[in-house]
Amino acid sequence: MAAAAAAAAAEEEIAVKEPLDLIRLSLDERIYVKLRSDRELRGKLHAYDQHLNMILGDVEEIVTTVEIDDETYEEIVRTTKRTIPFLFVRGDGVILVSPPLRTA
Amino acid sequence: MSTGGGADKSGGGGGGAVKTPSDFLKSIRGRPVVVKLNSGVDYRGILACLDGYMNIAMEQTEEYVNGQLKNKYGDAFIRGNNVLYISTSKRTLTDDA
């Protein structure tokens, strides 16, 4: 049991020798992508390149905007969601990519 | 006894002297780090690895915006162009300065 866990840990360590390996291991899985301009995506990763251009499928896009109420001057945080069946993401807008959390 | 100059002792501990930024980056692999982005957001976690573009893979990553914890990611990939600095978090950082 401990040996199996150690082997799995060693395997993961070998598998992630450079950061892009993390992306490679996420192929065909749903991932979370944080983009510039307060955009977030969740979708299935079909393909990617070294620029982090990505092709995602079954995508949910979340855009967060902050509006100021004219009367109370309160900040109102609003999120807009839309679904996109198939999406090409240009890499230079990518901030963060996260594979699915196993515990989540 | 270490007589390293300058305020930054991160990664300088132990026998070998750290000579270049690349040596520093190699030495902090596997350690808890703070990554600050150009946008001011902090990511704290274990540094798994990085590459020549300063792309970063982290584990047990926490996202702090204005000092407040906003998100947690089991693993996270950060694209290198966003990175302002990487710091080992041996001591508590004060962003108040």
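Within each chain, residue numbers correspond to sequence positions counted from 1 in written order. Here chains are named by letter from A upward and ligands by number from 1 upward, in the order in which they appear as written. For this predicted model, a pLDDT threshold of at least 70 governs which residues receive local features, and a threshold of 80 or more governs which side-chain atom pairs are given and counted, while totals over whole chains, interfaces and linings are taken from all residues. Calculation of side-chain values draws on the structure's entire complement of heavy atoms; hydrogens and water are dropped beforehand.

Chain B goes by Sm domain-containing protein in an unreviewed UniProt entry, where it is assigned to Oryza glumipatula. UniProt positions are given in the numbering used here, feature names are shortened, and annotations may be inferred rather than shown by experiment. As stated in UniProt under Sequence similarities (unreviewed entry), the record for chain B gives "Belongs to the snRNP Sm proteins family. SmF/LSm6 subfamily."

With an unreviewed UniProt entry as reference, chain A is termed Os01g0866700 protein, source organism Oryza sativa subsp. japonica. Quoted verbatim from the Subcellular location (unreviewed entry) field of UniProt, the annotation for chain A is "Nucleus". UniProt annotates chain A under Sequence similarities (unreviewed entry) with the comment "Belongs to the snRNP Sm proteins family."

Right, let's talk about the overall build of chain B for a bit. The way it works is that DSSP assigns letters per residue, a run of H or I at least four long becomes a helix, a run of E at least two long becomes a strand, and they are numbered from the N terminus. Within chain B, the secondary structure is distributed over one helix and five strands. In chain B, the succession of α and β elements from N to C terminus is α-β-β-β-β-β.

Right, let's get into the interface of chain B and chain A. Chain B puts 20 residues into the contact, and the matching count from chain A is 22 residues. Summed over both sides, the interface between chain B and chain A buries roughly 1800 Å², with carbon and sulfur atoms accounting for 56% of that surface. We define buried area as the total accessible area lost by two parts upon association, computed with a 1.4 Å probe and summed across both. Looking only at chain B, the three residues that lose the most surface to chain A are Asp 75, Phe 77 and Arg 79 of chain B, adding up to 39% of its buried area. Polar contacts, as used here, are pairs of N or O atoms within 3.5 Å; protein pairs need one atom able to donate a hydrogen and one able to accept it. Residues neighboring in sequence count only if both atoms are side-chain atoms. In this structure, the connection of chain B to chain A is made through eight residue pairs in polar contact (both at pLDDT 80 or more). Those elements giving two or more residues to the side of chain B that touches chain A turn out to be β2 (42–50), β3 (56–65) and β4 (68–78) of chain B. Any two residues whose heavy atoms approach within 4.5 Å at even a single point are treated as in contact.

This brings us to the packing of aromatic side chains. Side-chain rings of Phe, Tyr and Trp, where Trp is taken by its six-membered ring, are said to pair if the distance between their centres is within 6.5 Å; with planes under 30 degrees apart they count as stacked, over 60 as edge-to-face, and otherwise as tilted. Taken as a whole and assessed by the stated rule, the structure comprises one aromatic pair over all chains. Put simply, a charge is over a ring when the Lys NZ or the Arg CZ is close to the ring centre, within 6 Å, and near the line of the ring normal, within 35 degrees. Sitting above the plane of the Tyr 64 of chain B ring, Arg 44 of chain B keeps its charged end 5.1 Å from the centroid.

This brings us to the pattern of salt bridges. By definition here, a salt bridge exists when the distance from a side-chain nitrogen of Lys or Arg to a carboxyl oxygen of Asp or Glu is within 4 Å. All chains considered together, the criterion is met by eight salt bridges over all chains. Asp 92 of chain A is paired through a salt bridge with Arg 90 of chain A; the nearest N and O atoms lie 3.2 Å apart. Taking the relative accessible area as the measure of exposure, Asp 92 of chain A reaches 38% and is therefore partly exposed. Partly exposed describes any residue whose relative accessible area lies between the buried limit of under 20% and the exposed limit of over 50%, with all areas from a 1.4 Å probe on protein chains only and scaled to the type maximum. Judged by its relative accessible area of 58%, Arg 90 of chain A is exposed. Between Asp 42 of chain B and Lys 36 of chain B there is a salt bridge whose closest N-O contact spans 3.5 Å. Each of Arg 39, Glu 61 and Arg 82 of chain A takes part in salt bridges that share partners, so that together they form one network.

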